[in-house]
Amino acid sequence: EAQVTQNPRYLITVTGKKLTVTCSQNMNHEYMSWYRQDPGLGLRQIYYSMNVEVTDKGDVPEGYKVSRKEKRNFPLILESPSPNQTSLYFCASSVSSTTYNEQFFGPGTRLTVL
Amino acid sequence: ILNVEQSPQSLHVQEGDSTNFTCSFPSSNFYALHWYRWETAKSPEALFVMTLNGDEKKKGRISATLNTKEGYSYLYIKGSQPEDSATYLCAFDSGNTPLVFGKGTRLSVIA
């Protein structure tokens, strides 16, 4: 089944404790991205990747890191999480970013930073 | 900063009613307009990708129109059903920068 998976789905952590949210897609998509969703705001892009070893900042990259060492995986790293990073996170992928292709979203990760 | 506005913010309709809502976006640097349907506790799912001025797309009881010259798209739902209850997101695509999402229209269909 073609899908985007994220782990964990739910996470409660404390300020400063490094964490990684994994994202994996099995559709051989070139383009992957991370979004956060906060009440009253639209989906905001954190980072995106056009292909392996190519990553770029989105609208709200502060406090986050990503890597794209393999085509299928695009982990989101919070080196020192803070309470303002409490949010719902979505990973998404699409065939390519250069054509108007739909994005496929993962199931979401709800993160709480205490 | 690109601005994508959706209205209304939320909408309650009776089962069987038809409804529509709007997505407004910049009329310059247009490449595509995406519509997504986002049910509670699930992830957004693509409905339409619209690219040409005057485009009309349809999927079952849901359809969408596009006016790139004036910068708006309408999403229509005919004969709303409770399972149509969701947040409907539009996203502006300028082709070489990240998608810019609107805040969504939350639709509740009351049986």
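Everything below is about the structure printed above this text.
Since the model is a prediction, treat every value here as computed from it, not as a measurement.

Asker: Hey, could you run me through the side chain of His34 of chain B in this one?
Answerer: Structurally, the position occupied by His34 of chain B is in strand β4 (residues 32-38). Within polar-contact distance, the side chain of His34 of chain B engages the side chain of Asp93 of chain B at 3.0 Å.

Asker: Would you explain the environment of Glu70 of chain B in this entry?
Answerer: Secondary-structure assignment places Glu70 of chain B in the loop between β7 (62-67) and β8 (72-77). For the pair Glu70 of chain B and Ser27 of chain B, spaced 43 residues apart in sequence, the C-alpha to C-alpha distance is 6.0 Å.

Asker: In this structure, what is going on with unusual backbone geometry? I would like to understand it.
Answerer: Residues and elements named next belong to chain A. Here Asn7 and Pro8 are connected by a cis peptide whose omega angle stands at -5°. Structurally, Pro8 is set in the loop between β1 (4-7) and β2 (10-13). Look at Asn28: it is not a glycine, yet its phi comes out positive at around 60°. Take Asn28: it is sitting in the loop between β3 (19-25) and β4 (31-37). Assessed through its relative accessible area of 56%, Asn28 is described here as exposed. Positive phi values are uncommon outside glycine, yet Glu53 reaches one of about 65°. Mapped onto the fold, Glu53 is located in the loop between β5 (44-51) and β6 (54-57).

Asker: Please clarify how the state of the cysteines should be interpreted in this entry.
Answerer: Here a disulfide denotes a covalent bond joining the sulfur atom of one cysteine to the sulfur atom of another. All chains considered together, the criterion is met by two disulfides over all chains. Two residues, Cys23 of chain A and Cys91 of chain A, share a disulfide whose sulfurs are 1.8 Å apart. Taking the sign of the S-S torsion, about -70° here, the bridge from Cys23 of chain A to Cys91 of chain A comes out left-handed. Of the two residues, Cys23 of chain A sits in strand β3 while Cys91 of chain A sits in strand β9 (residues 87-94), which places them 68 residues apart along the sequence. The pair formed by Cys23 of chain A and Cys91 of chain A is uniform in burial state, with each residue classed as buried. Residue Cys23 of chain B pairs covalently with Cys90 of chain B via a disulfide, S to S 2.0 Å.

Asker: Which parts of the structure should I look at to understand the packing of aromatic side chains?
Answerer: Any two aromatic rings considered together are summarised by their centre-to-centre distance and by the angle between their planes. Here the structure, examined in full by the defined rule, presents 16 aromatic pairs over all chains. Judged by centre distance (5.7 Å) and plane angle (40°), the ring pair of Tyr35 of chain A and Phe105 of chain A falls under tilted. Residue Tyr35 of chain A is located in strand β4, and its partner Phe105 of chain A is located in strand β10 (residues 104-105); the two are separated by 70 residues in the primary sequence. You'll find Tyr35 of chain A and Phe105 of chain A in the same group, each marked buried. Here the aromatic rings of Phe105 of chain A and Tyr36 of chain B are separated by 5.4 Å at their centres, their planes lie at 90°, and the arrangement is edge-to-face. Placement of Phe105 of chain A in strand β10 and of Tyr36 of chain B in strand β4 is noted, with the two residues assigned to different chains. Take Tyr36 of chain B: its relative accessible area is 0%, and that puts it in the buried class.

Calculation rules
- Residues numbered from 1 in each chain as written.
- Chains lettered and ligands numbered in written order.
- Predicted model: local features only at pLDDT ≥ 70, side-chain atom pairs only at ≥ 80, totals over all residues.
- Heavy atoms only, no water.
- Helix = DSSP H or I, 4+ residues; strand = E, 2+ residues; numbered from the N terminus.
- Polar contact = N/O pair within 3.5 Å; in protein donor to acceptor, adjacent residues only side chain to side chain.
- Buried < 20%, exposed > 50% of the residue type's maximum accessible area, 1.4 Å probe, protein only.
- Disulfide = S-S within 2.5 Å.
- Phe/Tyr/Trp six-rings, centres within 6.5 Å; stacked < 30°, edge-to-face > 60°.

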